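Breakdown of the fold
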Amino acid sequence: MPELPEVEVLARHLRPLLRDKTIRAVEVRRAKVLRPTLLRELKKVLVGARFTGLSRRGKYLLFELRSPTAGKPVMLLGHLGMTGRMFVTPKSVSLPKHAAVIFDLGRQNFIYEDTRYFGRITLDISAVLKLGPEPLSDDFQPAAFARALKRSRQAIKVKLLDQSLLAGVGNIYASEALFLAGISPKRPANQLTLVQVKKLRRSVREILTKAVAGGSTVPLNFIGGRSDGLFYFGRAPDTPDYYVERLRVYDRAGKPCIHCHRPIKRIIQAARSTFYCPHCQI
DNA sequence: CACCATGTTCCTTG
DNA sequence: CCAAGGAACATGGT
């Protein structure tokens, strides 16, 4: 379910549910999601520890815990990969098929579930140290962004997915931001003018901000079988439909562009699908 | 059977 | 050394 907005909504959802809860036990059903942390180490550090904070960085969740024995806080890093989910449930609720890690919180379980097991829950936080600026913070400055883009001939769409350049944009919102900015995903990064770079920066921020706002109003069901689809929908209070699509180009190949009504095109870049309007994006 | 999927990392090639 | 492209990881949906 993960790009920055989904992870942000998840962090807001989990924060009050985990605060001050103590981990009584940890059950790991898929040890590969701990990589490179070992099961022994994870249990030693986390059993008896209490959740004291939760933050998001890019697509990562950072859990802060304190244990009675250790003085300084422990950081636990979570990433959802392509299909990961996290939720808190009463123990009476049965575990999903692909539950990878189950934290026993007493009356409740905190579950990390991941169909494809591409995600991680680990004590190794080195990945966050390599991330670029947060797109929605003041650290995301146009000058530095422009400088970084000037150093590469790679297509701008591919650069948007580079987490060391900017943290949190994924395949869906990269297409969405370029559509809003009117910039072709194929344009070499070093060909963007400063005006285009600034426009793209604004578009990225607008797309992500609206996605977070939309996702936050959806009555999320983290227990149900298919909650991830909800993240790309927003509640439309005045519409007869309960949900309204908010994506403008992604997954719309062959359908009419919402601006010029010409067909949206799908191409492959860096082995990922890109959707764009060849007429509106130059 | 074919192809597709919200991500990251590793390997190869130039 | 770097940039760029592709495969691998694993499971499920259409």
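A brief look at the structure comes next.

Buried within helix α4 (residues 142-150) are the following residues: Pro142, Phe145, Ala146, Ala148 and Leu149. Considered in projection along α4, the buried side chains sweep an arc of 160 degrees and stay on one side of the axis.

This paragraph deals with the pairing of strand β2 (residues 50-57). Note that β2 and strand β3 (residues 60-66) share seven bridges and pair antiparallel. Pairing of arginine 57 across the sheet is with tyrosine 60, part of β3. Hairpin remark: β2 followed by β3, antiparallel, with two residues in the connecting loop; positive phi at glycine 58, about 60 degrees.

Our focus in this paragraph is the pairing of strand β11 (residues 265-269). Relative to strand β12 (residues 272-276), β11 runs antiparallel, the two being bridged by five bridges. Bridge pairing in β12 places glutamine 269 opposite arginine 272. Here β11 hands over to β12 after two residues, with alanine 270 in that stretch at a positive phi of 50 degrees.

Proteins that are soluble and globular tend to have nonpolar side chains buried together. In this structure, Leu46, Phe63, Leu76, Met86, Val101, Phe103 and Phe110 are the most contacted members of the largest nonpolar core, which totals 33 residues. It is helix α1 (residues 4-18) that contributes the most residues to this core, five residues altogether.

Moving on, we get to the protein's contact with DNA strand C. All residues in the neighbourhood of DNA strand C are listed as Arg30, Lys32, Lys97, His98, Thr115, Arg116, Tyr117, Phe118, Ser152, Arg153 and Gln154. Taking lysine 97, its side chain carries an N or O atom lying 2.9 Å from a phosphate oxygen of DNA strand C. The separation between a base nitrogen of DNA strand C and a polar side-chain atom of arginine 116 is 2.6 Å. Considering only residue class, the surface near DNA strand C consists of two nonpolar, four polar and five charged.

Time to look at the sheet that holds strand β7 (residues 108-114). If you walk across this open sheet you meet the four strands as β1-β6-β7-β5, and the pairing is antiparallel. Strands with a single pairing partner mark the edges of an open sheet, and in this sheet they are β1 (25-28) and β5 (84-90). Each neighbouring strand pair of the sheet contributes to a mean axis angle of 15 degrees, computed without reference to strand direction. Lying over the sheet, α1 contacts β5 and β7, oriented at roughly 30 degrees with respect to β5. Along the sheet face, helix α2 (residues 39-46) touches β1 and β6 (99-104) and points at about 160 degrees away from the line of β1.

Moving on: the side chain of threonine 122. Mapped onto the elements of the fold, threonine 122 is located in strand β8 (residues 120-122). Judged by its relative accessible area of 1%, threonine 122 falls in the buried class. Side-chain polar atoms of threonine 122 contact the backbone oxygen of arginine 35, separated by 3.5 Å. If near-sequence neighbours (up to four positions away) are discounted, threonine 122 is found in contact with Leu34, Arg35, Pro36, Thr37, Met75, Leu76 and Leu77.

Right, let's get into the sheet that holds β8. Spatial strand order, β2-β3-β4-β8: four strands in an open sheet with antiparallel pairing. Among the strands making up the open sheet, the edge pair consists of β2 and β8. The average angle at which neighbouring strand axes cross in this sheet is 20 degrees, direction not considered. Sheet analysis places β3 next to strand β4 (residues 74-79), joined by six bridges and oriented antiparallel. Bridge pairing in β4 links leucine 61 to glycine 78.

Before going further, it helps to spend a moment on the packing of aromatic side chains. By convention here, two paired aromatic rings are described through the distance between centres and the angle between planes. Within this structure, the stated rule accounts for six aromatic pairs. Ring geometry for phenylalanine 51 and phenylalanine 63: centres 5.9 Å apart, planes at 70 degrees, overall edge-to-face. With phenylalanine 51 in strand β2 and phenylalanine 63 in strand β3, the pair connects residues that are 12 residues apart, well separated along the chain. The rings of Phe51, Phe63, Phe103 and Phe110 are connected pair by pair, giving a single aromatic cluster. Positioned above the aromatic ring of tyrosine 117, the side-chain terminus of arginine 30 is 3.8 Å from the ring centre. Cation over ring: arginine 201 sits above phenylalanine 140, and NZ or CZ is 5.5 Å from the ring centre.

What counts and what doesn't
- Residues numbered from 1 in each chain as written.
- Chains lettered and ligands numbered in written order.
- Predicted model: local features only at pLDDT ≥ 70, side-chain atom pairs only at ≥ 80, totals over all residues.
- Heavy atoms only, no water.
- Buried < 20%, exposed > 50% of the residue type's maximum accessible area, 1.4 Å probe, protein only.
- Helix = DSSP H or I, 4+ residues; strand = E, 2+ residues; numbered from the N terminus.
- Arc of directions from axis to C-beta.
- Pairing = 2+ DSSP bridges.
- Core = buried A, V, L, I, M, F, W, Y, C linked by side-chain atoms within 4.5 Å.
- Near = heavy atom within 4 Å.
- Polar contact = N/O pair within 3.5 Å; in protein donor to acceptor, adjacent residues only side chain to side chain.
- Nonpolar A, V, L, I, M, F, W, Y, C, P; charged D, E, K, R; others polar.
- Axes fitted to C-alpha atoms, helices over the stretch in contact; angles between N-to-C directions.
- Contact = heavy atoms within 4.5 Å.
- Phe/Tyr/Trp six-rings, centres within 6.5 Å; stacked < 30°, edge-to-face > 60°.
- Lys NZ or Arg CZ within 6 Å of the ring centre and 35° of its normal.

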